[in-house]
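Read off the chains here:
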Amino acid sequence: MTDRRRKTRIIILVLLVLAGAVLEVALGNVYIAPGRIIEVLFGAGRSGAEYVQERSILTQIRIPRMLMAAILGGALAVSGFLLQTFFRNPIAGPYVLGISSGAKLVVSIVMIMMVSRTGRSSNLLMVAAAFVGSLLVTAFIVVIAGRVRNTASLLAAGVMVGYICSALTEFLVTFADDAQIVNLHGWSQGTFSGMDMAGVGTAALIVGAAMIAAMACAKPIGAFALGESYARSMGVNVRVYRVVLIGLSSILSACVTAFAGPVSFVGVAVPFLMREYFRTGRPQLLIPASFLGGAAFCLYSDLAARMLFAPAELNISTVTSLIGAPIVIYMLLSRHGSE
C-alpha cells in the first residue's frame, strides 16, 4: 500500500471519529443540532430556559461523555496492540486475558474502602488501584505464557482469571450496604455515563503521556515484534522493552477500567481491524491508527448503547461484545485455517 493511500485512510479514520463525536453530542432525549451546539458553546443567545438547559446538557453530560469515550476507546485499542506485540499473539487483549477484570477487582476494593470511610474517591487513586490490579494479572499471564506455548491454553488461563476476579468483584458489590457502593454494579459492567471534565482532564493527561512514550518506542517495539533474537541483533535491550510494553499496556488499560469499568473486546478487535485496513504491522502507523480506530469504535458503540432502546441504556460492553466477539471468532478461524 502506498503512503498516499495510507494517509487517505488515516484521514478517513479522523473523519469517522469527528462524525461520531458530533453524533454523540447532538443525539439524545433532547436533540441539539450541530449548528446549535456551536451557538450554545460560544455563548450565542445567552438567555432563556432553553439555552440554560442545552448548555447544561452539553457541558455537564454529553461533551465529557463523548471525550471520555474517545480517549478511553483509543487507550484500550493501543493497550491491546502492545499486549499483542508482547505476546506475539493477535488474540491477546486486556479483556480476553483477564487484565481488565483484575483491575476492576482492585478498584472495587479501593472504592468500597474509600467511600465507606470518607464518602468520596480520587481519580488518580482509582487509576493507581487499577494499575496494580492490571500488573498483578499481567504478571500471572506472563508466567503462564512462559510455560504454555499453546494459544488456546493461554486464552483459557486468561479467561479463568477474568472469571475469578469478576466473581470476587460481584461478591464485594452484592454484600456492600451503602447505596453509593451498590451502584458499582453498573460501573462493573462498563459504562461511559456520569463522566465529568475533571475526569476527562486526568484521563487525557495519563493517556497522552502513555501515547507519547509508545510513539517514542515505536521502532524498538517494531523490532521486538519480529522476535527477541532479531531485536537483540538491532541493538534493542529486550529486557527493558519487555517492561516498557507491559508497563504502557497496563497504564492504558488501567486508566480505562478506573473510569469506565471493563470494556470488552475493543483491545483485540480494533488492532486486528487496523492491521487489515492498512495491511501493515508497523507500530509507527498502527499505534496512532489503533487509537483513532478505538476512539471511533467506542464512540459509535456508546451511541448505540444510549439510543437503541432509549430511554433505557445498555452497558457499553454489551454493544462492544456484540461487535467485537464475532471479529475475534473470525480471527480464530482464520488462524486455524492458515495453520
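The shown structure was predicted, so the numbers you read here are calculated from the model rather than taken from an experiment. (Residues numbered from 1 in each chain as written. Predicted model: local features only at pLDDT ≥ 70, side-chain atom pairs only at ≥ 80, totals over all residues. Heavy atoms only, no water.)

Novice: For this particular structure, what's the right way to read the overall build of the protein chain?
Specialist: Along the backbone of the protein chain there are 15 helices and zero strands. Looking at the protein chain alone, contacts between residues at least 24 apart form 78% of all its contacts between residues at least 6 apart. Here the protein chain displays about 15900 Å² of accessible surface, and carbon together with sulfur accounts for 65% of that area. (Helix = DSSP H or I, 4+ residues; strand = E, 2+ residues; numbered from the N terminus. Contact = heavy atoms within 4.5 Å. Areas by Shrake-Rupley, 256 points an atom, 1.4 Å probe, with all protein chains shown as cover.)

Novice: Sorry if this is basic, but what is going on with the packing of aromatic side chains here?
Specialist: How two aromatic rings sit relative to each other is set out by the distance from centre to centre and by the angle between their planes. Within the structure shown, the criterion is met by five aromatic pairs. Here the aromatic rings of F86 and F87 are separated by 5.0 Å at their centres, their planes lie at 90°, and the arrangement is edge-to-face. Looking at F87, the relative accessible area reads 13%, which means it is buried. Ring plane angle 15° and centroid distance 6.4 Å describe the contact between F86 and F224, whose orientation is recorded as stacked. With F86 in helix α3 (residues 49-87) and F224 in helix α10 (residues 218-225), this residue pair connects regions lying 138 residues apart in the sequence. As far as the burial class goes, F86 and F224 line up, both buried. These aromatic residues form a ring-pair network of at least three members: F86, F87 and F224. Cation over ring: R9 sits above Y277, and NZ or CZ is 5.0 Å from the ring centre. (Phe/Tyr/Trp six-rings, centres within 6.5 Å; stacked < 30°, edge-to-face > 60°. Buried < 20%, exposed > 50% of the residue type's maximum accessible area, 1.4 Å probe, protein only. Lys NZ or Arg CZ within 6 Å of the ring centre and 35° of its normal.)

Novice: For this particular structure, what's the right way to read unusual backbone geometry?
Specialist: Cis geometry marks the peptide bond from A310 to P311, where omega comes out at 10°. Positive phi, close to 70°, is recorded for F265, a residue that is not glycine. Here F265 shows up in the loop between α12 (238-260) and α13 (266-278). For F265, a relative accessible area of 18% corresponds to the buried category. Of note in this structure, R279 is not a glycine but carries a positive phi near 55°. Counting through the fold element by element, R279 comes out in the loop between α13 and α14 (283-307). The class of R279 is exposed, set by a relative accessible area of 59%.

Novice: How do you make sense of α12 when you look at a structure like this?
Specialist: For an α-helix, 3.6 residues make a turn, and residues three or four places apart therefore share a direction. When the terminal C-alpha atoms of α12 are compared, their 33 Å separation across 23 residues agrees well with the 33 Å that a helix rising 1.5 Å per residue should span. Just downstream of α12, G261 is the residue with a positive phi angle, here 80°. (Expected span 1.5 Å × (residues − 1).)

Novice: Would you mind showing me how to read the environment of S108 here?
Specialist: In this fold, S108 is placed in helix α4 (residues 99-118). Placed 79 residues apart in sequence, S108 and W187 show a C-alpha to C-alpha distance of 9.6 Å. Here the side chain of S108 touches K104 through a polar contact of 2.8 Å, landing on its backbone oxygen. (Polar contact = N/O pair within 3.5 Å; in protein donor to acceptor, adjacent residues only side chain to side chain.)

Novice: Help me understand the side chain of T280, please; the structure alone is not making it clear to me.
Specialist: Its location among the elements puts T280 in the loop between α13 and α14. You can call T280 buried: its relative accessible area is 13%. In terms of polar contacts, T280 uses its side chain to reach the backbone amide nitrogen of R282, at 3.2 Å.

Novice: How should I be thinking about the environment of T2 in this particular structure?
Specialist: With respect to the helices, strands and loops of the structure, T2 is situated in the segment before α1 (3-26). Residues T2 and F278, spaced 276 residues apart in sequence, show a C-alpha to C-alpha distance of 9.9 Å.

Novice: Please explain the side chain of S101 as it appears in this structure.
Specialist: Of note, S101 is situated in helix α4. There is a polar contact of 3.5 Å between the side chain of S101 and the side chain of S166. Here S101 is in contact with G162, C165 and S166, once residues within four sequence places are set aside.

Novice: How should the packing of α3 against helix α9 (residues 197-216) be read in this particular structure?
Specialist: Helix-helix packing is characterised by the crossing angle of the two axes and by the distance between the axes. Relative to each other, α3 and α9 sit at 20°, their axes nearing to 10 Å. Here α9 runs roughly parallel to α3, going by the angle between their axes. The crossing of α3 and α9 is left-handed. Between α3, through T59, P64, L67, M68, I71, L72, A75 and V78, and α9, the contact on the second element is made entirely by M197, G199, V200, A203, A204, V207 and M211. Class assignment of the residues belonging to the contact of α3 with α9 gives a composition of 13 nonpolar, two polar and no charged. (Axes fitted to C-alpha atoms, helices over the stretch in contact; angles between N-to-C directions. Parallel < 35°, antiparallel > 145°, perpendicular 65-115°, else oblique. Left-handed = near helix turned anticlockwise from the far one by under 90°. Nonpolar A, V, L, I, M, F, W, Y, C, P; charged D, E, K, R; others polar.)

Novice: Would you explain a nonpolar patch on the surface in this entry?
Specialist: On the surface, a cluster of nonpolar side chains totalling about 360 Å² of accessible area is made up of I11, V14, L15 and L18. With respect to the secondary-structure elements, L18 resides in helix α1. (Patch = residues over 30% accessible without salt bridge, like charges linked within 9 Å, V, L, I, M, F, W, Y side chains within 5 Å. Salt bridge = Lys/Arg side-chain N within 4 Å of Asp/Glu carboxyl O.)

Novice: I keep staring at the confidence of the model for the protein chain and nothing clicks. Help me out?
Specialist: Fine structural detail should not be taken from predicted coordinates in areas where pLDDT scores are low. A residue-level look at the protein chain finds 90% of positions with pLDDT of 70 or above and a mean pLDDT of 84. Of all helices and strands in the protein chain, the one with the weakest mean pLDDT is helix α7 (residues 179-182) (57), whereas α14 scores best (95). (pLDDT = per-residue confidence, 0-100.)

Novice: In this structure, what is going on with the environment of A129? I would like to understand it.
Specialist: Relative to the helices and strands, A129 resides in helix α5 (residues 123-147). Considering only alpha carbons, one finds A129 and L105, 24 residues apart in sequence, at a separation of 9.1 Å. Excluding residues within four positions of it along the chain, A129 makes contact with V106, V107 and V110.

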